[in-house]
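Notes for the structure review
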Amino acid sequence: MAEWMRNRTAPESRILANMRKHWILYLMILPGILYYIVFKYVPLAGSVIAFQDFQIFKGIGGSEWVGLENFQYIFSYQDFYTVLRNTAVIAFYQLVFGFPAPIILALLFNEVRLMLAKRFVQSLFYLPHFLSWVVVGGIVFELLSSQGVINAVREWLGLEQILFMQEQKYFRSIVVISAIWKDVGWGTIIYLAAIAGINPNLYEAAVMDGANRWKQTMHITLPTMFPTILVLFLLNIGNFLELGFDQIYNLLTPMTYSVGDIIETYVYRAGVLQGQYSVTTTIGLFQSIIGFALLWIFNRMARKTEQGLW
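Numbering of residues starts from 1 in each chain and follows the order in which that chain's sequence is written. Side-chain atom pairs in this predicted model are given and counted only at pLDDT of 80 or more, local residue features only at pLDDT of at least 70, and totals for whole chains, interfaces and linings cover all residues. The side-chain values count all of the structure's non-hydrogen atoms but skip hydrogen atoms and water molecules.

A separate point is the packing of aromatic side chains. Two rings from Phe, Tyr or Trp (for Trp, the six-membered ring) form a pair when their centres sit within 6.5 Å of each other. Planes less than 30 degrees apart are called stacked, planes more than 60 degrees apart edge-to-face, and all others tilted. Summed over the entire model, instances satisfying the criterion amount to 20 aromatic pairs. With 5.5 Å between their ring centres and 80° between their planes, Phe75 and Phe286 make a pair best called edge-to-face. Taken together, the residues span a long stretch of sequence, with Phe75 in helix α4 (residues 69–76) and Phe286 in helix α16 (residues 277–303) at a distance of 211 residues. Under the relative-accessibility criterion, Phe75 is labelled partly exposed at 35%. Only DSSP runs of H or I with at least four residues qualify as helices, and only runs of E with at least two residues qualify as strands; both kinds are numbered from the N terminus onward. Throughout, exposure labels follow a simple rule: accessible area from a 1.4 Å probe, protein chains only, divided by the maximum for the residue type, with under 20% read as buried, over 50% as exposed, and the rest as partly exposed.

The following block contains the structure:
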């Protein structure tokens, strides 16, 4: 018994000794841990609202429990399927076109040999990330307005003006392109770090074997980046239905609601403006369940390549 207790406490003693030795490192990660506890884990308790007829003045403890009635309501509500379809379509477009964009840009940055030019171009691509979607939305509206640059060029070419922000067929493309423009530069940081960690001897050996830059990229750079790409893909697929409220809200117009109204904008109208807290919490919980299911499925597939989040 005494030996079992010693074996059990030995790892705990090593952990405590390690924490005392590297206490400053643990102190540095404390704000991040507190952030996730306060803003990610504690709000999970509010998910019970999805199973209540929540009344804000009664609170969670005083509101009536209704079981799965809220889920039955959203699945019988016609607008919910429209909102879900819009969210899924835009998310799919962003995954197909937006996810590979920083990978391609990082590979292009890696081919720039003049360091001054490389840093200048990188800074140019990083800049839009620090602009709010209010500013970006204003820029998009200004560029695509009837008096904007795009229509001015079309008029100069003898073409008719197009009201891009009022046409439904252009809205989703505008959303995807503006998202890529804003965040593609910032997304290259992790990929450039992965490229920087590649052993230069691999490239030297490839050059001696007669491999050109294209073959070096295809047979050395991309395979070495694959674990990083896979992890980031899994993180993206877990947030598949979370497009972000700011972008869509600032680009949406009354004429494009039928193709641009997504879960976040619907939750804002129904939850914040109309006070339907139970319904909107139910939609948010459904959104999280779908994200977790997609993450679990794709992580199982990734495990076949001996990669994955767990």
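Once you've had a look at it, read on.
Under the UniProt annotation, the feature "domain: ABC transmembrane type-1" (unreviewed entry) is placed at residues 84–298. In residues 84–298, the share of helix is 77% and the share of strand is 0%. The end C-alpha atoms are 21 Å apart. UniProt positions are given in the numbering used here, feature names are shortened, and annotations may be inferred rather than shown by experiment.

Fitted lines through C-alpha atoms serve as axes, helices being fitted only where they are in contact, and the angles separating the N-to-C directions of these axes extend from 0 to 180 degrees. Where helix α11 (residues 200–208) contacts helix α12 (residues 213–238), the two axes come as close as 11 Å, and the packing angle between them is 145°. Of the two elements, α11 crosses α12, and the hand of that crossing is right-handed. In this structure, α11 contributes Leu202, Tyr203, Ala206 and Val207 to the contact, and α12 contributes Gln216, Ile220 and Thr221. Crossing handedness: left-handed means the near helix sits turned counterclockwise from the far one by under a right angle, and right-handed means the same turn made clockwise. Contact definition: two residues touch when any of their heavy atoms are within 4.5 Å.

This part covers the packing of helix α5 (residues 78–98) against helix α10 (residues 168–196). Contact geometry for α5 and α10: axes closest at 10 Å, N-to-C directions at 45°. With respect to α10, the axis of α5 lies oblique. Helix-helix and strand crossings are classified by hand; for α5 and α10 the assignment is right-handed. Only Arg172, Val175, Val176, Ala179 and Ile180 of α10 make contact with α5, whose side of the interface consists of Asn86, Val89, Ile90, Tyr93, Gln94, Phe97 and Gly98. Grouping the constituent residues of the contact of α5 with α10 by class yields eight nonpolar, three polar and one charged. Convention used here: angles under 35 degrees read as roughly parallel, angles over 145 as roughly antiparallel, angles from 65 to 115 as roughly perpendicular, and any remaining angle as oblique. Under the convention adopted here, Pro, Cys and the residues Ala, Val, Leu, Ile, Met, Phe, Trp and Tyr are nonpolar, Asp, Glu, Lys and Arg are charged, and Gly plus all remaining residues are polar.

Now for α11. Pairs of N or O atoms within 3.5 Å make up the polar contacts considered here, provided that, within protein, one atom can donate a hydrogen while the other can accept it, and that residues adjacent in sequence are counted only when both atoms are side-chain atoms. By the N-cap criterion, in which a side-chain oxygen at the helix start approaches the backbone nitrogen of a residue two or three places on, α11 is capped by Asn199, the distance to Asn201 being 3.0 Å. Just past α11, the residue Gly210 takes up positive phi, approximately 90°.

Another point: the domain arrangement of the chain. Domain parsing of the chain yields domain 1 (1–67) and domain 2 (80–305). Summed over both partners, the accessible area lost on bringing two parts together, with a 1.4 Å probe, is the buried area. Note on domain 1 versus domain 2: buried area summed over both sides is about 530 Å², and carbon and sulfur give 68% of it. Area buried by domain 1 at its contact with domain 2 is led by Ile49, Ala50 and Phe54, which between them contribute 59% of it. Salt bridges are defined by distance alone: a side-chain nitrogen of Lys or Arg within 4 Å of a carboxyl oxygen of Asp or Glu. For the pair domain 1 and domain 2, the number of links is zero salt bridges. Along the contact surface separating domain 1 from domain 2 lie four residue pairs in polar contact (both at pLDDT 80 or more). Partitioning the side of domain 1 that touches domain 2 into residue classes produces five nonpolar, three polar and one charged. Segmentation of the chain into domains, including their bounds, is taken from an automatic or database domain assignment.

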